[in-house]
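Residue strings, one per chain:
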Amino acid sequence: MTKVQTIPVQDYTIQVGDIFPALNTFLKTKEDQAVVVIVDKNTKKHCLPILKKQLNRKDIIVLRIPAGELHKNIQTCQSIWQQMMDKGLNRNALCINLGGGVIGDMGGFCASTYKRGIDFIQIPTTLLSQVDASIGGKLGIDFNHVKNSVGVFQNPKAVFIDPIFLKTLPKLEIRSGFAEIIKHSLIEDAKQWKKIKTIKNWKKVDWPAFLVPSLHIKKRIVEIDPFEKGLRKALNFGHTIGHAVESQYLESKKPLLHGEAVAIGMVCESYISHKMSGLAAKDLKEITKFLVRIYGKYKLLKKDYSAMIRLMRKDKKNEKDEINFTLLKAPGKCLVNQSADVSLITESLDYYRALK
Ligand SMILES: NC(=O)c1ccc[n+]([C@@H]2O[C@H](COP(=O)([O-])OP(=O)(O)OC[C@H]3O[C@@H](n4cnc5c(N)ncnc54)[C@H](O)[C@@H]3O)[C@@H](O)[C@H]2O)c1
Ligand SMILES: [Zn+2]
């Protein structure tokens, strides 16, 4: 992909493709600003050399933090703020977040709060962050092991998405990000779902062809509902059960990547959709078959159901005592703020467990 596509979102733009000419032009307008780039071990090794080679500016300051969700916390923020202070950054500085969703969320949060906020841009380097985390303005960290419980809404100055970074991303991370692309199509774009379900080998997919339509779906949703008062909850499809499964098995011998858990969640929530919101049996069958073909079958244990349901009750998207779902009416059409009772949720977990 050489051509760059520009997607305007609210007050910033997303560039997708060979981003470097556009990035250099952008940085030219910031010549008098100090530029810091936040990386972790992996993006320092795989992504920073690409960035440095392509940038006209050679005086960027590199801040390194540990990789992974485990470090998306206040201690790492302190280290980022400390390094920013040590380097003498003032309010005029620009921060580049070069990494996956962890760096995007936490780097953006640190930038938004350092000296009451400095400019930042996102250069997402995982499939998940390219289609999901880098847009929509949600920034933050985990606190006391509760995911994303401290943070702010703040838009970046720009987002630059280049598929070149996906070349070094482990295959399982690619498959995990793919779940969000599938989700976007199921909630908003029946045509895109039609294309996706014909994918035979996910390892050979031309991702740029799927990135742009997926970004358009997220853009539409966040523009209508930036602060998640209503429609934005559509993005929660597969996530009520998915998050519970992810948390439940986080410390097990076989933890799941986010997208793997969301795939299980999408199967179960499609089942609930079939029972509650009119999703046709044929669509349920197709969605299930596709997701199990791509993600395989994970061993959910019946003894863990009650703990998972407890986790679902704690979801911050719930209203009153009910467990909140986004359900499908059909592929490409969804309903937000639906509540299902525990017996139906249990039935949906049984449905998943009984699959071959
Ligand atoms: N803000 C939002 O709207 C939003 C939406 C979805 C998810 N998120 C957040 O995103 C985070 C998950 O993001 P993620 O899946 O990108 O995880 P991540 O940032 O932990 O990246 C996954 C792994 O890939 C490595 N990596 C990154 N780019 C690489 C590359 N190009 N080559 C090789 N290795 C590379 C990272 O170092 C890390 O080890 C979660 O914290 C989640 O809460 C935020
Ligand atoms: Zn997700």
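Below, the discussion takes up the packing of helix α7 (residues 171–188) against helix α12 (residues 281–295). Remark: α7 packs on α12, axes separated minimally by 11 Å, with the N-to-C direction vectors making an angle of 165°. On the basis of their axis angle, the class for α7 and α12 is roughly antiparallel. Relative to α12, the crossing made by α7 is right-handed. Contacts between α7 and α12 involve Arg175, Ser176, Phe178, Ala179, Ile182 and Leu186 from the former and Ile287, Phe290, Leu291, Ile294 and Tyr295 from the latter.

This part is about the domain arrangement of the chain. Interface size is often expressed as the accessible area that is lost when the parts come together. Segmentation of the chain into domains returns domain 1 (5–168) and domain 2 (171–353). Taken over C-alpha atoms, the centre of domain 1 sits 27 Å from the centre of domain 2. Together, the buried faces of domain 1 and domain 2 total about 2100 Å²; carbon and sulfur atoms form 70% of this surface. Three residues, Ile7, Leu127 and Val131, lead the burial of domain 1 against domain 2; their summed loss comes to 27% of the area buried on that side. The interface formed by domain 1 and domain 2 holds 3 salt bridges in total. For Asp132, the salt bridge goes to Lys218, with nearest N and O atoms at 2.7 Å. Where domain 1 packs against domain 2, one counts 6 residue pairs in polar contact (both at pLDDT 80 or more). When contributions to the side of domain 1 that touches domain 2 are tallied by element, the ones reaching two or more residues are β1 (5–9), β2 (12–16), α6 (127–133) and β8 (146–153).

What counts, and where the lines are drawn
Residues numbered from 1 in each chain as written. Chains lettered and ligands numbered in written order. Predicted model: local features only at pLDDT ≥ 70, side-chain atom pairs only at ≥ 80, totals over all residues. Heavy atoms only, no water. Axes fitted to C-alpha atoms, helices over the stretch in contact; angles between N-to-C directions. Helix = DSSP H or I, 4+ residues; strand = E, 2+ residues; numbered from the N terminus. Parallel < 35°, antiparallel > 145°, perpendicular 65-115°, else oblique. Left-handed = near helix turned anticlockwise from the far one by under 90°. Contact = heavy atoms within 4.5 Å. Domains from an automatic or database assignment. Buried area = accessible area lost by both parts, 1.4 Å probe. Salt bridge = Lys/Arg side-chain N within 4 Å of Asp/Glu carboxyl O. Polar contact = N/O pair within 3.5 Å; in protein donor to acceptor, adjacent residues only side chain to side chain.

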